[in-house]
Amino acid sequence: MENPNRRWVATGASVVLGLAVLTAILGSFYTVDEKERGVVLRNGAFIEVAEPGLHWKFPFIDTVKEISIQNQASKWEGLQAYSRDQQAAQLVVSVSWHVTPGEVADVYKGYGDLDGLLARAISRQVPSQVENVFGQYTAVNAVQKRGELVAAMSQAIKSSVSGPVVIDSVQVENIDFSDAYESSIEERMRAEVAVKTREQQLETEKIQAQISVTQAQAQADAALAQAKAEAQAIELRGNAEAAAIEVRAKALASNQNLVELTKAERWDGKLPTTVLPGGTMPFIDARK
């Protein structure tokens, strides 16, 4: 008769063997996401970089480590720096970076993973480069020429970071000076605004004055033109009257009968009712 214990042992061994085989089969397949690359290791040694998709590996002896090739954003807060005029500031700087697919193997071999790459290749350079570039600007210029400052920092960090990484961009998110210095800047800015406002007011007053002068000149020119026109009209009327008188005088001088005719034309046919003693009666010479 078969021993029941042996049967249970055989059954258990079969189950364990089946699970091991199933695990080996299932563990032989793996997938790599499009945003990552797989570093295949065999007993700890680098074999290859797996592209996105479904892959097969030897169970138990092959392992796969995923490394992202997506854009990464790292931020450094409280970076201490001094401006060229010895003003202390704390900066918040962020850096965007990524690993290219072709350099994934170098990342693993040289740094192990992205954290190692960040710590050893990027974080060592960012604070020093920020301090060096910031020290080339005065505190006022660092604020007024912030775009130029950011561009200079970005160029410095990109030039200093070496390794299998691409620096995409650098942003200075904040520049924090001491409270006393920021108060002095606010006072200076208010003074500059007041000066600009006064300059604009003076310019407006100047323009208004020019407009007034132009209007007054226009009115004076119009009055002068009117006076000249009136004077010319008077002169023309005087000349016309003088010419008429002259013509009439010449006519009277050349024809005495015209005088008598004029008198006759103006006489109303009535004799004077009063004659002074010794006076003569006016009469028109009818023989003429």
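Residues numbered from 1 in each chain as written. Predicted model: local features only at pLDDT ≥ 70, side-chain atom pairs only at ≥ 80, totals over all residues. Heavy atoms only, no water.

Along the chain, Ser 160 falls in helix 6 (residues 146-160). A relative accessible area of 19% means that Ser 160 is categorised as buried. At 3.1 Å, the side chain of Ser 160 forms a polar contact with the backbone oxygen of Ile 157. Ignoring anything within four residues of it in the chain, the contact list for Ser 160 reads Gln 125 and Gln 129. (Helix = DSSP H or I, 4+ residues; strand = E, 2+ residues; numbered from the N terminus. Buried < 20%, exposed > 50% of the residue type's maximum accessible area, 1.4 Å probe, protein only. Polar contact = N/O pair within 3.5 Å; in protein donor to acceptor, adjacent residues only side chain to side chain. Contact = heavy atoms within 4.5 Å.)

Three or more residues of helix 4 (residues 126-134) are buried, namely Val 126, Gln 129, Val 130, Val 133 and Phe 134. Buried positions in helix 4, seen along its axis, are confined to an arc of 125 degrees and lie on one side of it. (Arc of directions from axis to C-beta.)

Next up on the list: the nonpolar core. In this structure, Leu 91, Trp 97, Leu 117, Ile 122 and Phe 134 are the most contacted members of the largest nonpolar core, which totals 42 residues. Not counting residues up to four positions away in its chain, the partners in contact with Leu 117 are Trp 97, Val 99, Val 107, Tyr 111, Ile 122, Pro 164 and Val 165. Counting residues in hydrophobic clusters, the runner-up holds five residues, among them Val 32, Val 40, Ala 50 and Val 64. (Core = buried A, V, L, I, M, F, W, Y, C linked by side-chain atoms within 4.5 Å.)

Right, let's get into the pairing of strand 7 (residues 88-98). The buried fraction of strand 7 is high, at eight of 11 residues. As paired strands, strand 6 (residues 72-82) and strand 7 are joined by nine bridges and run antiparallel to one another. Along strand 7, the bridge assignment pairs Ala 81 with Ala 89. (Pairing = 2+ DSSP bridges.)

Another aspect to go through is the packing of aromatic side chains. In the structure shown here, the tally under the stated rule is three aromatic pairs. Both rings, one in Trp 56 and one in Phe 58, keep their centres 4.8 Å apart while their planes meet at 70 degrees; by these two values the pair is edge-to-face. A relative accessible area of 46% places Trp 56 in the partly exposed class. Geometrically, the ring pair formed by Phe 134 and Phe 177 is tilted, given 6.2 Å between the ring centres and 35 degrees between the ring planes. Of this pair, Phe 134 sits in helix 4 while Phe 177 sits in strand 8 (residues 166-177), placing them 43 residues apart in sequence. In this structure Phe 134 comes out as buried when scored by relative accessible area, which is 0%. The exposure class assigned to Phe 177 is buried, which follows from its relative accessible area of 5%. Taken together, the ring pairs in this structure connect Phe 134, Phe 177 and Tyr 181 into an aromatic cluster. (Phe/Tyr/Trp six-rings, centres within 6.5 Å; stacked < 30°, edge-to-face > 60°.)

Glancing now at the pattern of salt bridges. The full count for this structure, using the stated rule, is four salt bridges. Two residues, Glu 51 and Arg 37, come together in a salt bridge whose shortest N-O distance is 3.2 Å. Taken together, the residues Glu 51 in the loop between strand 3 (45-50) and strand 4 (53-56) and Arg 37 in strand 2 (residues 36-42) connect sequence positions 14 residues apart. The exposure class of Arg 37 is buried, given its relative accessible area of 8%. Between Arg 42 and Asp 62 there is a salt bridge whose closest N-O contact spans 2.7 Å. Of this pair, Arg 42 sits in strand 2 while Asp 62 sits in strand 5 (residues 62-68); the two residues are 20 residues apart in sequence, bridging distant segments of the chain. (Salt bridge = Lys/Arg side-chain N within 4 Å of Asp/Glu carboxyl O.)

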